[in-house]
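# Remarks on the overall topology
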Amino acid sequence: MVGGKRGSGSRGEVGGTENTNVPRSFIVKQGHVGSSLTQLVRDMRKVMEPNTAARLKERSTNKLKDFLVMAPILSVSHLLAFSLAKTAPTLRIARLPQGPTFSFRIERYSLAKDILQAARHPRQSPQAHQYPPLLVLSSFPTGPNAPQHLGLVLKCFQSLFPPLTPKTIPLSTARRVVLVSWNAEKQTIDVRHYLITVKTSGVSRRVRRIIEPKAGSGGKKIPDLSREKDIADYVLKAAGGGGEEGYETASTSAASDADPEEYAVRLASDYVGRNNRKGDKRAVKLDEIGPRMELRLIKIVEGPPGKEGGVLYHEFVKKSPKEVAALRKEAAERARIRKERREEQEKNVARKKKAAEGDDDDEDEGTDAGEEPREEEEDEGEDWDGDEDMSEGEDQGMSEEDVSESEEETEKAAPPRKRVKVGNATKPKGAIRFRK
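All values reported here derive from a predicted model rather than from experimental measurement. (Residues numbered from 1 in each chain as written. Predicted model: local features only at pLDDT ≥ 70, side-chain atom pairs only at ≥ 80, totals over all residues. Heavy atoms only, no water.)

Okay, a positive patch on the surface next. On the surface, Lys65, Lys307, Lys339 and Arg342 cluster together into a patch of positive charge. Position of lysine 339 among the secondary structure elements: in helix H8 (residues 321-369). (Patch = residues over 30% accessible without salt bridge, like charges linked within 9 Å, V, L, I, M, F, W, Y side chains within 5 Å. Areas by Shrake-Rupley, 256 points an atom, 1.4 Å probe, with all protein chains shown as cover. Salt bridge = Lys/Arg side-chain N within 4 Å of Asp/Glu carboxyl O. Lys, Arg positive; Asp, Glu negative; His and termini not counted. Charge placed at Lys NZ, Arg CZ, Asp CG, Glu CD. Helix = DSSP H or I, 4+ residues; strand = E, 2+ residues; numbered from the N terminus.)

Now the structure itself:
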């Protein structure tokens, strides 16, 4: 319907009226990054939907501090900032408002449009982005001997997405999967984005095309059976022409099934799609929809951007325990100075407000006190009117010669009048006097 009312926060965007405990994020770019990295920012917003600012408008004059100031107001818990360095693109993930901040170098990446173009059967579902994706963490080392920085990275990615309970989550909301896996050989982190699809299990592709026709330009696309004498010719005919007279046999029918039994599960409840009811046996498949990134961890620091504290991990710089203690001491000293400066500014603001209120009170008192002398001035004016009457009485006794002389002196003393142009003529500004 044209002109329909659009509800605010209906898709769980930042600033809505939903649960504030859900992680919310800003995904922005810093500086000039080019068209490819700009598109990667848009693709990552698609991945993080619906708990992100999908339609965030950025300006060239915006600084990272602007987003950090607005984050607490909109209950934003994470900031993802993409930038372009001299060597490679970088990604910073900051936990707001206390930190820490993770710095990654993007070794390689593929946009969503590139993934879909390379796919044999590309799939898209705009409705799938109405629900948060499922997070799968793979191949990360655990246990007492695991590196501490990888444990922090694990918690970082876990905090980006809302926690889900498999027993209570509605099955129809599980539409997407974000896979974050650790590559021990390359020491990198792979990020992938998939769409969950379900299909009928235990039937061949030809049968599936009949019972589950694909959507075409004119509706459902049903297979063309005009060349076949019988439907059995279409169903039982092998794709490669195997078996007697090109028909499938017991040995070739199992090979023609697209989805083995090991991929099949029984639906715990109704799922999206046609005939996906509770208890039905379906084959689950993941179709990659992008984007794809390969990240290398560079640095982990305490605090958010602009208020960094001690360095918790660095890929290229290693420091001794004494140097680490000195850096932490310097960070604590900077934090103390920042706190004192903030307290001093608050005191100055309070003092100025108090002084301004005092000045306003003084002006009100001065106004009340200044109303009384006005009566005296009016009295003085009345006295001056009496003197003026007396002077007029004295003027009446003057001779005509004295009057003419006084008029000539007045004309000589008066300054020349300005002439104002009106149309093509000019006239003196002010009243015009005529002599008798």
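Counting across every chain of the model gives 10 salt bridges. Of the charged contacts, one joins arginine 45 and glutamate 58 as a salt bridge, the two residues approaching to 3.0 Å between their closest N and O atoms. Here glutamate 58 lies in the loop between helix H1 (34-48) and helix H2 (64-70) and arginine 45 lies in helix H1, a separation of 13 residues in the sequence. The exposure class assigned to glutamate 58 is partly exposed, which follows from its relative accessible area of 26%. Its salt-bridge partner being arginine 296, residue glutamate 107 comes within 2.9 Å of it at the nearest N-O pair. (Buried < 20%, exposed > 50% of the residue type's maximum accessible area, 1.4 Å probe, protein only.)

Within the secondary structure, lysine 299 is located in strand E12 (residues 292-301). The class for lysine 299 is partly exposed, based on a relative accessible area of 29%. The contacts of lysine 299, once residues within four sequence positions are left out, are Thr101, Phe102, Ser103, Val311, Tyr313 and His314. (Contact = heavy atoms within 4.5 Å.)

The end-to-end C-alpha distance of H1 is 22 Å, a good match for the 21 Å that 15 residues give at a rise of 1.5 Å each. Residues Leu37, Thr38, Leu40, Val41, Asp43, Met44, Arg45, Val47 and Met48 constitute the buried set of H1. (Expected span 1.5 Å × (residues − 1).)

Relative to strand E4 (residues 101-110), strand E3 (residues 89-95) is paired through five bridges, and the arrangement is antiparallel. Among the inter-strand pairings, alanine 94 is bridged to a residue of E4, identified as threonine 101. As consecutive antiparallel partners, E3 and E4 are separated by five residues, and within that stretch glycine 99 has a phi angle of approximately 95 degrees, a positive value. The pairing of E4 with E12 spans nine bridges and is classified as antiparallel. Directly across from serine 110, in E12, lies its bridge partner arginine 292. (Pairing = 2+ DSSP bridges.)

With that settled, consider the confidence of the model for the protein. Chain-level pLDDT for the protein is 77 on average; 68% of the residues reach the 70-or-more range. Between residues 240-244, whose pLDDT stays under 50, and residues either more than four places distant or in other chains, the model counts five contacts. Below pLDDT 50 for its whole length, residues 250-258 participates in nine contacts with residues either more than four positions away or in separate chains. (pLDDT = per-residue confidence, 0-100.)

All right, on to the nonpolar core then. Nonpolar side chains in soluble globular proteins generally cluster together in the buried interior. Phe82, Leu91, Phe104, Phe157, Ile189, Met293 and Leu295 are the most contacted members of the largest nonpolar core, which has 34 residues in total. Put simply, the parts of the chain that give this core at least two residues each are H1, strand E2 (78-84), E3, E4, helix H4 (148-160), strand E6 (176-183), strand E7 (188-200) and E12. Ignoring anything within four residues of it in the chain, the contact list for leucine 91 reads Leu80, Ala81, Phe82, Phe102, Ser103, Phe104, Ile106 and Leu295. Residues Val28, Leu56, Ala71 and Leu96 belong to the second largest nonpolar core, which totals 12 residues. (Core = buried A, V, L, I, M, F, W, Y, C linked by side-chain atoms within 4.5 Å.)

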